[in-house]
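Below, each chain spelled out in residue letters.
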Amino acid sequence: MKEDTGMTGRKPPVPILLPVRSALFLLTFVIGAAIVGKSVDEIGNWWSVVATVMNILVILLLFFVAKKDGKSYGEMINYRKGATKAKDVVIMSLISVFVGMGCMYLAGLVLYGSIFPPVSLKMVAPIGKPLAILNVLLLPLTVPFAEDGLYLGYGVNRIAERGGEMANESKTKWMAIAIPAFFYALQHCFIPTMFDVKYMVYRFLSFLPLTVIYCINYYKKRNPVPIMVGHGILDLATAMMIFATSVFPGVYDELAGMM
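Cut-offs and rules
- Residues numbered from 1 in each chain as written.
- Predicted model: local features only at pLDDT ≥ 70, side-chain atom pairs only at ≥ 80, totals over all residues.
- Heavy atoms only, no water.
- Helix = DSSP H or I, 4+ residues; strand = E, 2+ residues; numbered from the N terminus.
- Rg over C-alpha atoms; globule rule 2.2 N^0.38 Å.
- Contact = heavy atoms within 4.5 Å.
- Areas by Shrake-Rupley, 256 points an atom, 1.4 Å probe, with all protein chains shown as cover.
- Lys, Arg positive; Asp, Glu negative; His and termini not counted.
- Charge placed at Lys NZ, Arg CZ, Asp CG, Glu CD.
- Core = buried A, V, L, I, M, F, W, Y, C linked by side-chain atoms within 4.5 Å.
- Buried < 20%, exposed > 50% of the residue type's maximum accessible area, 1.4 Å probe, protein only.
- Axes fitted to C-alpha atoms, helices over the stretch in contact; angles between N-to-C directions.
- Parallel < 35°, antiparallel > 145°, perpendicular 65-115°, else oblique.
- Left-handed = near helix turned anticlockwise from the far one by under 90°.
- Nonpolar A, V, L, I, M, F, W, Y, C, P; charged D, E, K, R; others polar.
- Patch = residues over 30% accessible without salt bridge, like charges linked within 9 Å, V, L, I, M, F, W, Y side chains within 5 Å.
- Salt bridge = Lys/Arg side-chain N within 4 Å of Asp/Glu carboxyl O.
- Disulfide = S-S within 2.5 Å.
- Phe/Tyr/Trp six-rings, centres within 6.5 Å; stacked < 30°, edge-to-face > 60°.
- Lys NZ or Arg CZ within 6 Å of the ring centre and 35° of its normal.

A. Here's a closer look at the overall build of the protein chain. Of regular secondary structure, the protein chain possesses nine helices and zero strands. Sequence-ordered secondary structure for the protein chain, helices as α and strands as β, is α-α-α-α-α-α-α-α-α. The C-alpha atoms of the protein chain give 19 Å as radius of gyration, which agrees with the globular expectation for 259 residues (18 Å, within 12%). In terms of its C-alpha atoms, the protein chain occupies a principal-axis envelope of roughly 55 × 45 × 35 Å. Counting only contacts in the protein chain whose residues sit at least 6 apart along the sequence, the fraction spanning at least 24 positions is 80%. Carbon and sulfur atoms form 71% of the exposed surface of the protein chain, whose accessible area is close to 12,900 Å². Taking the 23 positively charged and 16 negatively charged side chains of the protein chain as two groups, their mean positions are separated by 6 Å.

B. Just the environment of Asn-45, in detail. As for its position among the elements, Asn-45 is in the loop between helix H1 (20-36) and helix H2 (47-68). Sequence separation of Asn-45 and Ile-242 is 197 residues, and the distance between their C-alpha atoms is 9.3 Å. Contacts of Asn-45, omitting those with residues within four sequence positions, involve Lys-122, Ala-125, Pro-126 and Ile-127.

C. Summary view of unusual backbone geometry. For the bond running from Ile-191 to Pro-192, omega is -10°, close enough to zero to count as cis. Within the fold, Pro-192 resides in the loop between helix H6 (169-186) and helix H7 (197-221). Located in the positive-phi region is Asn-78, a residue other than glycine, with phi close to 70°. Assignment of secondary structure puts Asn-78 in the loop between helix H3 (73-76) and helix H4 (86-112).

D. Up close: the nonpolar core. Formed by 35 residues in total, the largest nonpolar core has its most connected members in Leu-62, Met-76, Leu-150, Tyr-154, Val-156 and Tyr-214. Elements with a minimum of two residues in this core: H2, H3, helix H5 (129-166), H6, H7 and helix H8 (225-247). With eight residues, H5 is the largest single contributor of residues to this core. Not counting the four nearest positions on each side in its chain, Leu-150 is found in contact with Leu-17, Leu-18, Val-20, Arg-21, Val-58, Leu-62 and Gly-155. Core analysis: the next-biggest nonpolar cluster, separate from the first, contains 22 residues, Val-40, Val-50, Ile-127 and Val-143 among them.

E. The arrangement of the packing of H7 against H8 in detail. Across the interface, H7 lies against H8 with an axial gap of 11 Å and an inter-helix angle of 160°. On the basis of their axis angle, the class for H7 and H8 is roughly antiparallel. Crossing of H7 against H8: the hand is left-handed. From H7, Leu-210, Tyr-214, Asn-217 and Tyr-218 reach across to H8, where they touch Ile-227, Gly-230, His-231 and Leu-234. Grouping the constituent residues of the contact of H7 with H8 by class yields five nonpolar, three polar and no charged.

F. Representation of a positive patch on the surface in the model. A cluster of basic residues, Lys-85, Lys-87, Lys-173, Lys-220 and Lys-221, forms a positive patch at the surface. Within the secondary structure, Lys-173 sits in helix H6. Residue Lys-173 is classed as partly exposed on the basis of its relative accessible area, which comes to 37%.

G. View of the state of the cysteines. Within this structure, the stated rule accounts for zero disulfides. Here Cys-189 is not disulfide-linked; the sulfur of Cys-103 is the nearest cysteine sulfur, at 15 Å.

H. Local environment of the packing of aromatic side chains. Under the defined criterion, the tally for this structure stands at eight aromatic pairs. Ring geometry for Phe-182 and Phe-183: centres 5.2 Å apart, planes at 80°, overall edge-to-face. Taking the relative accessible area as the measure of exposure, Phe-183 reaches 15% and is therefore buried. A ring pair is formed by Phe-182 and Phe-204, whose centres lie 5.7 Å apart and whose planes are at 65°; its orientation type is edge-to-face. A residue pair is termed long-range when its members are at least 10 positions apart, and Phe-182 in helix H6 and Phe-204 in helix H7 qualify at 22 residues. Residue classification places Phe-204 among the buried residues on the basis of a relative accessible area of 17%. By the ring-pair criterion, three or more aromatic residues cluster together here, those being Phe-63, Tyr-73 and Phe-145. The ring of Tyr-219 carries Arg-222 above its face, with NZ or CZ at 5.0 Å from the centroid.

This is how it looks when you write it as structure tokens:
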């Protein structure tokens with residue numbers, strides 16, 4: 001997949017695939033709602049199933065991009081066997097949980113006056129039991145390979161490599177962290193999609209601090225494993241909540257009653 005702009009031979013400063021997940025989620029929910037004759041709000045509970053499908057598509061796309069660059073997926077994300085220490089995994093897992101959950105609570109408090117605003121119920125709304133069970137396995141397994149592969153392995157690395165050609169280390173570092181972190185957080189505005197500005201700001205702010213931390217850590221250490229494990233734990237917790245509300249309907253009613 002060439003990203004050459006043509007006559008000048010220069011490559012664009014922003015890797016063109018970074019917005020792909022935001023676009024895919026937006027289109028999927030809009031088209032899906034039109035097909036079933038409902039609003040995007042009404043099909044939001046299917047976000048985790050949509051996410052798993054999109055994850056698989058993005059992973060395949062990243063394998064294709066890596067192959068076009070003469071690399072494997074592992075080389076693209078800079079995976080190095082035996083380079084990860086258990087301490088690093090534990091630290092990043094704790095950061096993922098506390099920053100991820102803490103910023104979501106803080107964003108809810110600032111924008112809605114509650115750490116558990118009603119819109120947060122969308123994330124754990126029940127789905128069909130078989131899909132809920134399947135998603136406990138597939139969602140946390142596929143998310144790190146799709147999202148961290150895209151925003152860190154593809155995004156941070158490409159910007160850093162191209163910035164090196166400009167010989168401006170300070171600007172390169174800023175761009176390699178800020179640009180992927182922005183798109184990393186932005187995608188959550190459309191998972192699930194709701195055409196409400198406050199909701200989108202809530203979702204964006206909930207994830208931006210953690211995506212910045214991920215990009216900083218990856219830029220410095222170029223080791224995706226601790227981040228991918230911590231990220232997977234967050235999504236496992238979410239998948240387990242969806243499993244609980246789907247298999248035990250009373251759980252969702254209790255959560256709704258708390259908000």
